[in-house]
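Examining the three-dimensional arrangement
Listed below, chain by chain, are the residues.
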Amino acid sequence: MIPSRISRLAFRSTRTLFSAPALLPHPHSLPVDGFVGAVGNTPLIRIKSLSEETGCEILGKAEFMNPGGSVKDRAALGLIKWAEQNGKIKPGGTIVEGTAGNTGIGLAHVCRARGYKCVIYMPNTQSQEKIDLLRMLGAEVHPVPAVAFENPENYNHQAKRHAERLENAAWVNQFDNAAGNRQIHIETTGPEIWSQTSTLPGGLQGFICSTGTGGTLAGTTRFLKEKSEGKVQCWLADPPGSVLEGFVNRGVIERGGGSITEGIGQGRVTDNLQPDIGLLDGALHIPDEKTIKMIYHLLQNDGLYFGASTALNIVAAKELAVKLGKGSRVVTILCDGAYRYQTRLFSKKWLESKDLLKFIPEEHKHLITLL
């Protein structure tokens, strides 16, 4: 049977379609090797309500999409690679760390994937959700009283002493191990943000985030400043009780107060942050009342369910964007989801105990679903 002219043309058209050069696949569409392979290459999410309100583009690096659910998966991977590459741990050994929670969760995941045991010391002020998750991941968890870093009973010092008592164990020292923590953000987070924004019209004008260990802020700032030849402004977002905003803006250490946020804010300049703190263009102090209001705004208006640290970052990104002017593009870090803090952040009793209920608009109070 001789094909008709129409069928020959149809075949020719189909052949052309399928022989065209394929688009390069997005990193998310390629297979990865287990938990470790899935860390990083997170998308940027445009915060629609705030972008439209400000006339700027406010973007969040979706670190809650890492396989362990937070930005700290990157540091956890970097710290364990550092321990392996420097002969600090052998197969079957134990990773020990002091952490407010998310680094510990990341470490517990990576330890399971690589065959290590995991021991975590953490302040007993952290959410029960984090403690429960760590134990479900097989970590040995020691909640201890929250005391200042100068106190020998600080959770970091207790973790160090625990590791010293064990054979084949490594304390990975997330706060002051720049080679394991800061470096992975120079190698991954910074380059990803640059590649995601540098080809957009106008490029990137600003980056801002809060800091606990200093790794994310320092490593990302270092890369963006060098790559943009100083054109990208990099700022710190700081909660109440932290000394860093005063140090960056006024050169003074001012102690006092506290915050509802977990794992961010600092009473000192860590070794991760120290090499790059001079690169920062400034710092913004973000009070808890703005943070709690943003948690509910994002859920109500954008369908985004974030914890307090992420909400603080988004408040800061909005303020920086306004400062830089209409049309500016600012990136921040979306650290983790609210499910790790929901029994507090969505509890009427807890909000009243922190005197924060009055800052949540009436039209958002229906989202307070826990007593």
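Model, not experiment: these values are computed from the prediction.

Regarding the nonpolar core
- Ranked by internal contacts, the top residues of the largest apolar core, which has 40 residues, are Ile 208, Ile 292, Ile 295, Tyr 296, Ile 314 and Leu 351.
- Mapped by element, the contributors of at least two residues to this core are strand E8 (233-238), helix H11 (288-302), helix H12 (308-324) and helix H14 (348-353).
- Among residues more than four places away in sequence, those in contact with Ile 208 are Trp 235, Leu 236, Ala 237, Leu 284, Ala 316, Ala 317, Leu 320, Val 330, Val 331, Thr 332 and Ile 333.

Regarding the sheet that holds strand E3 (residues 94-98)
- Ordered in space as E5-E4-E3-E6, the four strands form an open sheet in which the pairing is parallel. Two strands in the sheet have a free side with no partner beyond their single neighbour: strand E5 (140-144) and strand E6 (169-171). On average, each strand axis in the sheet is inclined to that of its neighbour by 15°, with strand direction left out of account.
- Relative to strand E4 (residues 117-123), E3 runs parallel, the two being bridged by five bridges. Bridge pairing links Glu 97 to Ile 120 in E4.

Quick look at H12
- Its 17 residues place the ends of H12 24 Å apart at the C-alpha level, agreeing with the 24 Å of an ideal helix rising 1.5 Å per residue.
- Judged by how many residues are buried, H12 sits mostly within the fold: twelve of 17 residues are covered.
- Downstream of H12 by a residue or two, Gly 325 has a phi angle that is positive, lying close to 105°.

Some remarks on empty space enclosed by the protein
- Within the structure shown, the criterion is met by one cavity of 30 Å³ or more.
- Here the largest cavity defines a volume of roughly 60 Å³.
- Lining the largest cavity, in full, are Ile 260, Thr 261, Glu 262, Ala 308, Tyr 341, Arg 344, Leu 345 and Trp 350.
- Among the residues forming the lining of the largest cavity, the class breakdown is five nonpolar, one polar and two charged.

As for unusual backbone geometry
- Of note in this structure, Asn 168 is not a glycine but carries a positive phi near 50°.
- Overall, the relative accessible area of 27% leaves Asn 168 in the partly exposed class.
- Positive phi, normally seen in glycine, also occurs at Asn 173, with a value near 55°.
- For Asn 173, the position within the fold is in the loop between E6 and helix H8 (182-197).
- Taking the relative accessible area as the measure of exposure, Asn 173 reaches 18% and is therefore buried.

Analysis parameters
Residues numbered from 1 in each chain as written. Predicted model: local features only at pLDDT ≥ 70, side-chain atom pairs only at ≥ 80, totals over all residues. Heavy atoms only, no water. Core = buried A, V, L, I, M, F, W, Y, C linked by side-chain atoms within 4.5 Å. Buried < 20%, exposed > 50% of the residue type's maximum accessible area, 1.4 Å probe, protein only. Helix = DSSP H or I, 4+ residues; strand = E, 2+ residues; numbered from the N terminus. Contact = heavy atoms within 4.5 Å. Pairing = 2+ DSSP bridges. Axes fitted to C-alpha atoms, helices over the stretch in contact; angles between N-to-C directions. Expected span 1.5 Å × (residues − 1). 1 Å grid on protein atoms, 1.4 Å probe; cavity = no way out; pocket = protein on both sides within 12 Å on 5 of 7 lines; lining within 4 Å. Points joined across faces, edges and corners; volume = space filled by probe spheres on them. Nonpolar A, V, L, I, M, F, W, Y, C, P; charged D, E, K, R; others polar.

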